[in-house]
Amino acid sequence: MFFPFSIQSFAPPVPNFSADRIKAICTSSRAFSLAFAILAVTATPVHGQVEPGMGGNVGKLRTEAAFYRAHVRNQIASLLGSLGGLWDDSNPGLATALYTPNATIILGEEVIQGKSKIQAAFASKLGRMRGVHFTMDEFDLSDELAYVRGTMSYELIHAGTTATRETAAYAMILRVRRDEWHIQSHLLGRKPLLPEEPAS
């Protein structure tokens, strides 16, 4: 049988791309893949949200999440009260016990890291901050981490002069272990004007 046309006439034309054009297509494909990956991550439900399909359990789960959040907030408020009361205690280990083993206190550009250094700081210059009081102006919770922001007021003892009342903004990150919260990072918004330690 004779066909007046060839089968090749039905094949789609093969585009003749230059090397630059192929490179541009590959780059666009990578960009699209990256954008899709970012979209997939951002679309993942965050902790504390109720996933669809829970039916009648949605209200119960939301109630339990709200109860747990309030419970943690109360725990951390109690911890802040304890820290304020123990800040200038004669036993610096009591305040230090509220921090994680590798915790960090940041005073301006000064970084105090690790329990041994934190305890030494409480025994010396931090102990000159008396009557410490924390407020909790912002609180957030995500899995095993909690974030707190507020103000820290204290009476600063100056050598040979009267004490002054100071206030500084602070932020903390706390970590839970076995249902007990400890301070992992403690940042003061400005460095307290603490007396310099005598050179040894």
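What you are looking at is a predicted structure, and each value in this text was computed from that prediction instead of being measured.

Q: Where do I start with the overall build of the protein in this structure?
A: Secondary structure assignment for the protein yields four helices and seven strands. Walking the protein from its N terminus toward its C terminus, one meets helices and strands in the order α-α-α-β-β-α-β-β-β-β-β. Counted over contacts in the protein with a minimum sequence separation of 6, partners at least 24 positions apart contribute 51%. Carbon and sulfur atoms provide 59% of the accessible area of the protein, an area that totals close to 13600 Å².

Q: Explain the pattern of salt bridges to me, please; I cannot follow it from the model alone.
A: Close approach of charged atoms allows side chains with opposite charge to pair. The tally for this structure, following the rule as stated, stands at five salt bridges. In this structure, the salt-bridge partner of Asp-140 is Arg-69, at a minimum N-O distance of 3.6 Å. Residue Asp-140 is located in strand β4 (residues 138-142), and its partner Arg-69 is located in helix α2 (residues 58-86); the two are separated by 71 residues in the primary sequence. Overall, the relative accessible area of 41% leaves Asp-140 in the partly exposed class. Glu-144 is paired through a salt bridge with Arg-175; the nearest N and O atoms lie 2.4 Å apart. Of the two residues, Glu-144 sits in the loop between β4 and β5 (145-156) while Arg-175 sits in strand β6 (residues 164-177), which places them 31 residues apart along the sequence.

Q: Any chance you could explain the packing of aromatic side chains here in plain terms?
A: Considering all chains together, one arrives at four aromatic pairs under this definition. Arranged with centres 5.2 Å apart and planes meeting at 80°, the rings of Phe-134 and Tyr-170 form a pair that is edge-to-face. Linking Phe-134 in strand β3 (residues 129-134) with Tyr-170 in strand β6, this pair joins segments that are 36 residues apart in sequence. A relative accessible area of 9% means that Phe-134 is categorised as buried. Classification of Tyr-170 by relative accessible area gives buried; the value is 2%.

Q: Honestly, a nonpolar patch on the surface in this entry has me stumped. Any pointers?
A: The grouping of Leu-145, Tyr-147 and Ile-173 at the surface amounts to a nonpolar patch, some 210 Å² of accessible area in total. Here Ile-173 is to be found in strand β6. A residue is classified by how much of its surface remains accessible, and Ile-173, at 34% relative accessible area, is partly exposed.

Conventions adopted
Residues numbered from 1 in each chain as written. Predicted model: local features only at pLDDT ≥ 70, side-chain atom pairs only at ≥ 80, totals over all residues. Heavy atoms only, no water. Helix = DSSP H or I, 4+ residues; strand = E, 2+ residues; numbered from the N terminus. Contact = heavy atoms within 4.5 Å. Areas by Shrake-Rupley, 256 points an atom, 1.4 Å probe, with all protein chains shown as cover. Salt bridge = Lys/Arg side-chain N within 4 Å of Asp/Glu carboxyl O. Buried < 20%, exposed > 50% of the residue type's maximum accessible area, 1.4 Å probe, protein only. Phe/Tyr/Trp six-rings, centres within 6.5 Å; stacked < 30°, edge-to-face > 60°. Patch = residues over 30% accessible without salt bridge, like charges linked within 9 Å, V, L, I, M, F, W, Y side chains within 5 Å.

This is a description of form; function is not addressed.
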